[in-house]
Amino acid sequence: MKSTFSRFFGNNEKEELLETDAAERSEDVIKIPLADIIPNRFQPRTIFDEEKIDELARTINIHGVIQPIVVRPIEDGKYEIIAGERRYRAMKKLNWPEVPAIVRDMDDKETASVALIENLQREELTAIEEAMAYDKLLKLHSLTQEALAQRLGKGQSTVANKLRLLKLPDPVRRGILDRQISERHARSLLTLKEEALQLQLFDEIKEQEYNVKQLEERIREILDPEEEEAEAEEEKKPKTRRKAVSKDVRIALNTIRQSLSLVKQSGISLKTEEEDEEDFYKITVRIPKKK
């Protein structure tokens, strides 16, 4: 968290904020009443896996808290979580009256950045949560997509593709959050420009259980029905086995075609027909006597 946070702010003051001696920064672990702690308001994670929280609670109950949560003081003697919300939720399940914590003095911008970066590094967010985190970081620090990608050590296309998901209708975005559809499904839906079609296909994905390939075929069918019908008719035709063509024959055919193309470019409107016979190729050239 430290190195990524420092890269975002890029100045000595913020680096010192994270690296000053613990005694000088009062980073002693203290006990804070659990009732005085509130979750991070800038938490990008909207869905927590309750089974994993239960598992973490059992581990904490047996071994204790190895790493304290990090909080900041807010109004009315309360504290807001900066990092460690999963641990907080686990201790809440255990009904602990107090929790071990480190207190840091951070403003809203810093708190939001730490929460976003911490969760991005865990790589457990859904694609839409990740996209929302990128969007918030772009706005918090007035960054370009390229600058954000560099600071996170990701490709610009990765960041751009995630952000495009935010253009999808709310029900589809909720479907990604609830893991009803995959990110690849969602990116395929973006090829449809009309929201009504995106919603229609979203329902079809759930009803028909389309995999990504089936969804892409369905989208092609919607975008170009005539081409789909032509391909279907072509599939029905009996397939004829073609004999293998030697490299020399291919070179000869290409040479003839190039020569005929040059003749056409000279202004003569010749007509050609090619026939693939069983034992030979037949090329018929008709050159008009008059222009």
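Scroll up a little and you will see the structure.
Residues numbered from 1 in each chain as written. Predicted model: local features only at pLDDT ≥ 70, side-chain atom pairs only at ≥ 80, totals over all residues. Heavy atoms only, no water.

Student: Outline helix H8 (residues 156-164), supporting the account with residue identities and numerical values.
Tutor: Of all the positions in H8, only Val 159, Lys 162 and Leu 163 are classed as buried. Summarising the axial view, the buried residues of H8 lie within an arc of 100 degrees, below the 170-degree limit, and thus occupy one face. Packing partners of the buried residues in H8 comprise helix H6 (127-141), helix H7 (145-152) and helix H10 (183-189). (Buried < 20%, exposed > 50% of the residue type's maximum accessible area, 1.4 Å probe, protein only. Helix = DSSP H or I, 4+ residues; strand = E, 2+ residues; numbered from the N terminus. Arc of directions from axis to C-beta. Contact = heavy atoms within 4.5 Å.)

Student: Lay out helix H11 (residues 195-208) in plain terms, naming residues and giving numbers.
Tutor: Along its 14 residues, H11 runs 20 Å from first to last C-alpha, staying within 8% of the 20 Å computed at 1.5 Å per residue. Taken residue by residue, H11 has Gln 198, Leu 201, Phe 202, Glu 204 and Ile 205 as its buried positions. Down the axis of H11, the sector holding all buried residues measures 165 degrees, keeping them to one side. Every exposed residue of H11 that faces more than 90 degrees away from the buried side is listed here: Ala 196 and Glu 207. Where H11 is buried, its residues contact helix H9 (170-177), H10 and helix H12 (212-223). Immediately beyond the C-terminal end of H11, within one or two residues, lies Glu 209, with a positive phi of roughly 55 degrees. (Expected span 1.5 Å × (residues − 1).)

Student: Can you tell me about the pairing of strand S5 (residues 98-103), naming the residues and giving the values?
Tutor: Along any regular strand the residues' side chains alternate between the sheet's two faces. Pairing between strand S1 (residues 30-33) and S5: four bridges, direction antiparallel. Pairing of Pro 33 across the sheet is with Glu 98, part of S5. (Pairing = 2+ DSSP bridges.)

Student: Quick rundown of the packing of H6 against H7? Include the residues and the values.
Tutor: The axes of two packed helices give the description: the angle between them and the distance between them. Axis separation between H6 and H7 bottoms out at 10 Å; the angle between their running directions is 110 degrees. Judged by the inter-axis angle, H6 sits roughly perpendicular to H7. Between H6 and H7 lies a crossing whose hand is right-handed. Note on element contacts: H7 touches H6 through Gln 145, Leu 148 and Leu 152, opposite Tyr 134, Leu 137 and Leu 138. Partitioning the contact of H6 with H7 into residue classes produces five nonpolar, one polar and no charged. (Axes fitted to C-alpha atoms, helices over the stretch in contact; angles between N-to-C directions. Parallel < 35°, antiparallel > 145°, perpendicular 65-115°, else oblique. Left-handed = near helix turned anticlockwise from the far one by under 90°. Nonpolar A, V, L, I, M, F, W, Y, C, P; charged D, E, K, R; others polar.)

Student: Kindly report on the pairing of strand S3 (residues 69-73), identifying the contributing residues and their values.
Tutor: S3 sits mainly inside the fold: four of its five residues count as buried. Bridge count for S3 against S5 is three bridges, and the pairing is parallel. For Val 70, the partnering residue across the bridge sits in S5 and is Ile 102. Relative to strand S4 (residues 79-83), S3 runs antiparallel, the two being bridged by four bridges. Its bridge partner being in S4, Pro 73 is matched across the sheet by Tyr 79. The turn linking S3 back onto S4 is made up of five residues, and Asp 76 within it adopts a positive phi angle of 60 degrees.

Student: Lay out the sheet that holds S5 in plain terms, naming residues and giving numbers.
Tutor: Strand order in the open sheet formed by five strands is S1-S5-S3-S4-S2, with mixed pairing between adjacent strands. What marks the edges here is a single partner per strand, and that holds for S1 and strand S2 (37-38).

Student: Before we move on, can you summarise the packing of helix H3 (residues 50-63) against helix H4 (residues 85-93) with the specific residues and values?
Tutor: Where H3 meets H4, the closest approach of the two axes is 8 Å, and the angle between their N-to-C directions is 70 degrees. As the angle between them shows, H3 and H4 are arranged roughly perpendicular. Across the interface between the two elements, Glu 50, Lys 52, Ile 53, Asp 54, Leu 56, Ala 57 and Ile 60 of H3 pack against Arg 86, Arg 87, Arg 89, Ala 90, Met 91 and Lys 93 of H4. Split by residue class, the contact of H3 with H4 holds six nonpolar, no polar and seven charged.

Student: With reference to specific residues and values, describe the environment of Lys 206.
Tutor: For Lys 206, the position within the fold is in helix H11. For the pair Lys 206 and Gly 175, spaced 31 residues apart in sequence, the C-alpha to C-alpha distance is 9.5 Å.

Student: I'd like a description of a nonpolar patch on the surface, backed by residues and values.
Tutor: Side chains of Ile 268, Val 285 and Ile 287 sit close together on the surface and give an oily, nonpolar patch of about 230 Å² of accessible area. With respect to the helices and strands, Ile 268 occurs in the loop between helix H14 (247-265) and strand S6 (271-276). Overall, Ile 268 belongs to the partly exposed group, its relative accessible area being 31%. (Patch = residues over 30% accessible without salt bridge, like charges linked within 9 Å, V, L, I, M, F, W, Y side chains within 5 Å. Areas by Shrake-Rupley, 256 points an atom, 1.4 Å probe, with all protein chains shown as cover. Salt bridge = Lys/Arg side-chain N within 4 Å of Asp/Glu carboxyl O.)

Student: Lay out unusual backbone geometry in plain terms, naming residues and giving numbers.
Tutor: With phi around 60 degrees, Asp 76 is a residue other than glycine that occupies positive phi space. Its place among the elements puts Asp 76 in the loop between S3 and S4. The residue Glu 209 is not glycine, and still its phi comes out positive at about 55 degrees. Counting through the fold element by element, Glu 209 comes out in the loop between H11 and H12. Here Glu 209 falls in the exposed class, since its relative accessible area comes to 66%.

Student: Mind laying out the nonpolar core, listing which residues take part and the relevant values?
Tutor: Among soluble globular proteins, nonpolar side chains are generally buried collectively. Counting 18 residues, the largest nonpolar core has Leu 165, Leu 168, Ile 176, Ile 181, Leu 189 and Leu 215 as the members making the most contacts within it. When contributions to this core are tallied by element, the ones reaching two or more residues are H6, H9, H10, H11 and H12. Apart from residues no more than four positions distant in its own chain, Leu 189 is found in contact with Leu 168, Val 172, Ile 181, Gln 198, Leu 201, Phe 202, Ile 205, Leu 215 and Ile 219. (Core = buried A, V, L, I, M, F, W, Y, C linked by side-chain atoms within 4.5 Å.)

By themselves these figures say nothing about function.
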